[in-house]
Amino acid sequence: EVIMTRHEVRECAFLILFERMFQPDSLEELYALAEEVQQLEVNQDVKQMVEGVIAHEEEIQQLIRTFSKSRSIHRIPKVNLSILELALYEMYFEKDMPVNAAISEAVTLSHAYSYQEDTAFINGMLGAISRSQPKVGADAAAQEEPTNA
């Protein structure tokens, strides 16, 4: 298996998540497509990141809905939505990922794949969400813990 940097893993996961918005294929088919057509390396780290985003998709999209004041989630360009979902997954569900690093990486992906004005939107939204992180994190932890009634 090829060793990839965290940035390479993230970019590959982003491309697969973006493709998933257009292809109703299974994940295995998307992984195969990424390797064959896009010539991407899809290692275990990439799969773990993609599957992590999908596992938490509902919570992540709820965060986006809550903080996207200017446009509904359906009006956010799919490339930006993919970047936001990946960043929010890293911010809230990857224990070892510093929030500022996740935002910085999202901005880097945005520079490579989005329009300039979209970068400001992504950075602003992730900044707003991160400022509420303790509350969101506490809410997420409270929802996961079973209550003893």
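What you are looking at is a predicted structure, and each value in this text was computed from that prediction instead of being measured. Every residue gets a number counted from 1 within its own chain, in the order that chain's sequence is written. Side-chain atom pairs in this predicted model are given and counted only at pLDDT of 80 or more, local residue features only at pLDDT of at least 70, and totals for whole chains, interfaces and linings cover all residues. Heavy atoms from the whole structure form the basis of all side-chain values; hydrogens and water molecules are not counted.

1. Topic: the packing of helix H1 (residues 6–20) against helix H3 (residues 44–55)
Convention adopted: a line fitted to C-alpha atoms gives each axis, helices being fitted over their contacting stretch, and angles between N-to-C directions are expressed from 0 to 180 degrees. Per the convention used, a helix needs a DSSP run of H or I reaching at least four residues, while a strand needs a run of E reaching at least two, with both numbered from the N terminus. Orientation of H1 relative to H3, taken along the N-to-C sense of each, is 50°, at an axis distance of 9 Å. Overall, the two elements H1 and H3 adopt an arrangement that is oblique. For the pair H1 and H3, the crossing hand works out as right-handed. Residue-level inspection shows Arg6, Val9, Arg10, Cys12, Ala13, Ile16, Leu17 and Arg20 of H1 in contact with H3, the latter providing Asp45, Val46, Met49, Val50, Val53 and Ile54. Along the lines of polarity and charge, the residues of the contact of H1 with H3 split into 10 nonpolar, no polar and four charged. Should an angle lie under 35 degrees it is considered roughly parallel, over 145 roughly antiparallel, and from 65 to 115 roughly perpendicular; all remaining angles are considered oblique. Throughout, a crossing is termed right-handed when the near helix is turned clockwise from the far one, and left-handed when it is turned anticlockwise from it by less than a right angle. It only takes one pair of heavy atoms within 4.5 Å for two residues to be counted as in contact. The nonpolar class holds Ala, Val, Leu, Ile, Met, Phe, Trp, Tyr, Cys and Pro. Asp, Glu, Lys and Arg form the charged class, and all remaining residues, Gly among them, are polar.

2. A few points about the packing of H1 against helix H6 (residues 99–113)
The N-to-C vectors of H1 and H6 enclose an angle of 55°; their axes lie 11 Å apart at closest approach. Classified by the interaxial angle, the pair formed by H1 and H6 is oblique. The chirality of how H1 crosses H6 is right-handed. Judged by residue contacts, His7, Arg10, Glu11, Phe14 and Leu15 of H1 engage Glu105, Thr108, Leu109 and Tyr113 from H6.

3. What about the nonpolar core?
If you look at the biggest cluster of nonpolar residues, it comprises 43 residues, and the most contacted ones within it are Ile16, Val46, Ile64, Leu88, Met91 and Leu126. Among the secondary structure elements, those contributing two or more residues to this core are H1, helix H2 (27–36), H3, helix H4 (57–67), helix H5 (78–93), H6 and helix H7 (116–131). At 10 residues, the largest contribution of residues to this core is made by H5. To form a nonpolar core, buried Ala, Val, Leu, Ile, Met, Phe, Trp, Tyr and Cys residues must be joined to one another through side-chain atoms within 4.5 Å. In this scheme, a residue with accessible area under 20% of its type's maximum is buried, one over 50% is exposed, and one in between is partly exposed, where area comes from a 1.4 Å probe on protein chains only.

4. Some details on the confidence of the model for the protein chain
Looking at the protein chain as a whole, the pLDDT averages 87, with 88% of positions reaching at least 70. Note on residues 135–149: pLDDT under 50 across the span, and four contacts to partners over four residues away in sequence or across chains. Confidence scores labelled pLDDT are given residue by residue by the predictor and lie between 0 and 100.

5. Regarding H1
Helix span, expected: 1.5 Å multiplied by one less than the number of residues in the helix. Given a rise of 1.5 Å per residue, 15 residues ought to cover 21 Å, and the 21 Å separating the end C-alpha atoms of H1 matches this to within 8%. All of the buried residues in H1 are Val9, Arg10, Cys12, Ala13, Phe14, Leu15, Ile16, Leu17 and Glu19. Close packing links the buried residues of H1 with H2, H3, H5 and H6.

6. Structural notes on the side chain of Lys47
As for its placement among the helices and strands, Lys47 is situated in helix H3. Of the side chains with opposite charge, Glu28 lies nearest to the buried Lys47, which makes no salt bridge, at 4.3 Å. Those residues in contact with Lys47, other than ones at most four positions away along the chain, are Glu28, Tyr31 and Val42. In this tally Asp and Glu are treated as negative and Lys and Arg as positive; neither His nor the chain ends contributes. Salt bridges are defined by distance alone: a side-chain nitrogen of Lys or Arg within 4 Å of a carboxyl oxygen of Asp or Glu.

7. Brief notes about the packing of aromatic side chains
Note on aromatic pairs: the rings of Phe, Tyr and Trp (six-membered ring only in Trp) are paired at centre separations within 6.5 Å, and the planes decide the class, stacked below 30 degrees, edge-to-face beyond 60, tilted for the rest. Summed over all chains, the structure comprises four aromatic pairs. Ring geometry for Phe14 versus Phe18: centroids 6.2 Å apart, planes at 20°, classification stacked. Remark: Phe18 and Phe14 occur in helix H1; sequence separation between them is four residues, near one turn of the helix. Under the relative-accessibility criterion, Phe14 is labelled buried at 1%. A residue is classified by how much of its surface remains accessible, and Phe18, at 25% relative accessible area, is partly exposed. On the basis of an interplanar angle of 50° and a centroid distance of 4.9 Å, the ring pair of Phe14 and Tyr113 is categorised as tilted. Of this pair, Phe14 sits in helix H1 while Tyr113 sits in helix H6; the two residues are 99 residues apart in sequence, bridging distant segments of the chain.

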